[in-house]
Amino acid sequence: MTRIYFVRHCEAEGNVKRVFQGLLDTDISDKGAKQLKCLTKRFESIHFDAVYSSPLLRAHKTAEAVVGSKNFEIIKRENLRELYGGFVEGQKFNKIFSENPELEDIWHNHPQDFAPRGGEPMRDGYERIWRETLTLARENEGKTIVAATHGGVIRLLLCRLFFHDIERLKEIPWSENTAVSLIEFDNALTPTIIYFNDVSHLDDSVRSSFKAGSGE
């Protein structure tokens, strides 16, 4: 059995400012740093064989927290990155939606069709994260690994695992910062969701106050 823990990054400055972060490489927030201490404690007693991370700082610092005092090199994987927002990259959600009401409708009601000008279409991200997940599972057969990544790609991955249909993306909840999902793969690479979007390591004082991905 191959096991992959997918971990969403901790709260970052872009989350606090309510901007479309995408590939914008913002640092973590003060609350994010506190979340990482809780994440380190969670993974202290969990065995894993390798740790992978998106190349973006907020994910890499999250991977460092998973490692804690253990001796692991964090392996950066480009395909664990967040979706690039194109012309909305780095803009506040309220500005994006006030100037582009059609995008607000798509973002909330038809997220599978979100494809901002110059950015990565949601449908492309759906295929990218699935290819990367299968690649990681093949490369680590019989092992347990951790992948620190982003809310957008985790949502797309869970949509694939639950429904095998991106048209149902709206039904998948956003993960909170540092939420953990555990997926197991058998020898035929058939996945099983053990649990998803779990934040039992966080108490209310360090959970982010906004709804992930809401744009609110």
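Structure report, in brief. (Residues numbered from 1 in each chain as written. Predicted model: local features only at pLDDT ≥ 70, side-chain atom pairs only at ≥ 80, totals over all residues. Heavy atoms only, no water.)

Right, let's get into the packing of aromatic side chains. Overall, the coordinates contain 12 aromatic pairs when judged by the stated rule. Note on Phe93 and Trp107: the rings are 5.7 Å apart at their centroids and 45° apart in plane angle, and the pair reads as tilted. Of this pair, Phe93 sits in helix α4 (residues 93–99) while Trp107 sits in helix α5 (residues 101–109); the two residues are 14 residues apart in sequence, bridging distant segments of the chain. Among the residues examined, Phe93 registers a relative accessible area of 6% and is labelled buried. The class of Trp107 is buried, set by a relative accessible area of 8%. The interplanar angle of 70° and the centroid separation of 4.8 Å between the aromatic rings of Trp107 and Phe114 together place this pair among those described as edge-to-face. In this pair, the class of Trp107 matches that of Phe114, namely buried. Through a chain of ring-to-ring contacts, three or more aromatic side chains come together here, namely Phe20, Phe93, Phe97, Trp107, Phe114 and Trp174. Of note, Arg117 hangs over the ring of Phe87, and the distance from its end group to the ring centre comes to 4.2 Å. Its guanidinium or amino end placed over the ring of Phe163, Arg168 lies 3.8 Å from that ring's centre, counting from NZ or CZ. (Phe/Tyr/Trp six-rings, centres within 6.5 Å; stacked < 30°, edge-to-face > 60°. Helix = DSSP H or I, 4+ residues; strand = E, 2+ residues; numbered from the N terminus. Buried < 20%, exposed > 50% of the residue type's maximum accessible area, 1.4 Å probe, protein only. Lys NZ or Arg CZ within 6 Å of the ring centre and 35° of its normal.)

It is worth spelling out the sheet that holds strand β1 (residues 2–8) at this point. Taken together, the 6 strands give an open sheet; going across it, the order is β3-β2-β4-β1-β5-β6, and neighbouring strands pair in mixed fashion. Since the sheet does not close on itself, it has two edges, and those belong to β3 (74–76) and β6 (191–198), each with one partner. Taking the axes of each pair of neighbouring strands and ignoring which way they run, one obtains an average angle of 20° across the sheet. Its contacts with the sheet place helix α3 (residues 57–67) against β1, β2 (50–53), β3 and β4 (144–149), and it is angled at close to 165° to β2. (Pairing = 2+ DSSP bridges. Axes fitted to C-alpha atoms, helices over the stretch in contact; angles between N-to-C directions. Contact = heavy atoms within 4.5 Å.)

This brings us to unusual backbone geometry. Note: most peptide bonds trans; most residues except glycine with negative phi. The phi torsion at His164 lies on the positive side, around 55°, for a residue other than glycine. Using a relative accessible area of 58% as the deciding quantity, one classes His164 as exposed. For Asn197, which is not glycine, the phi torsion reads 50° and is therefore positive. Note on placement: Asn197 falls in strand β6.

Here we take up the nonpolar core. Ranked by size, the top nonpolar core spans 35 residues in total, and within it Ile4, Phe20, Trp107, Met122, Leu156 and Phe185 carry the most contacts. Taken together, the elements giving at least two residues each to this core come down to β1, β2, α4, α5, α6 (122–139), β4, α7 (151–163) and β5 (180–185). Excluding anything up to four places from it in sequence, Leu156 contacts Leu83, Met122, Gly125, Tyr126, Ile129, Ile166 and Leu169. Residues Leu39, Ala63, Ile74 and Ala148 belong to the second largest nonpolar core, which totals 19 residues. (Core = buried A, V, L, I, M, F, W, Y, C linked by side-chain atoms within 4.5 Å.)

Right, let's talk about the environment of Glu104 for a bit. Along the chain, Glu104 falls in helix α5. Residue class for Glu104 comes out partly exposed when judged on its relative accessible area of 32%. Once the C-alpha coordinates of Glu104 and Asn94 are considered, the two residues, 10 residues apart in sequence, prove to be 9.2 Å apart.

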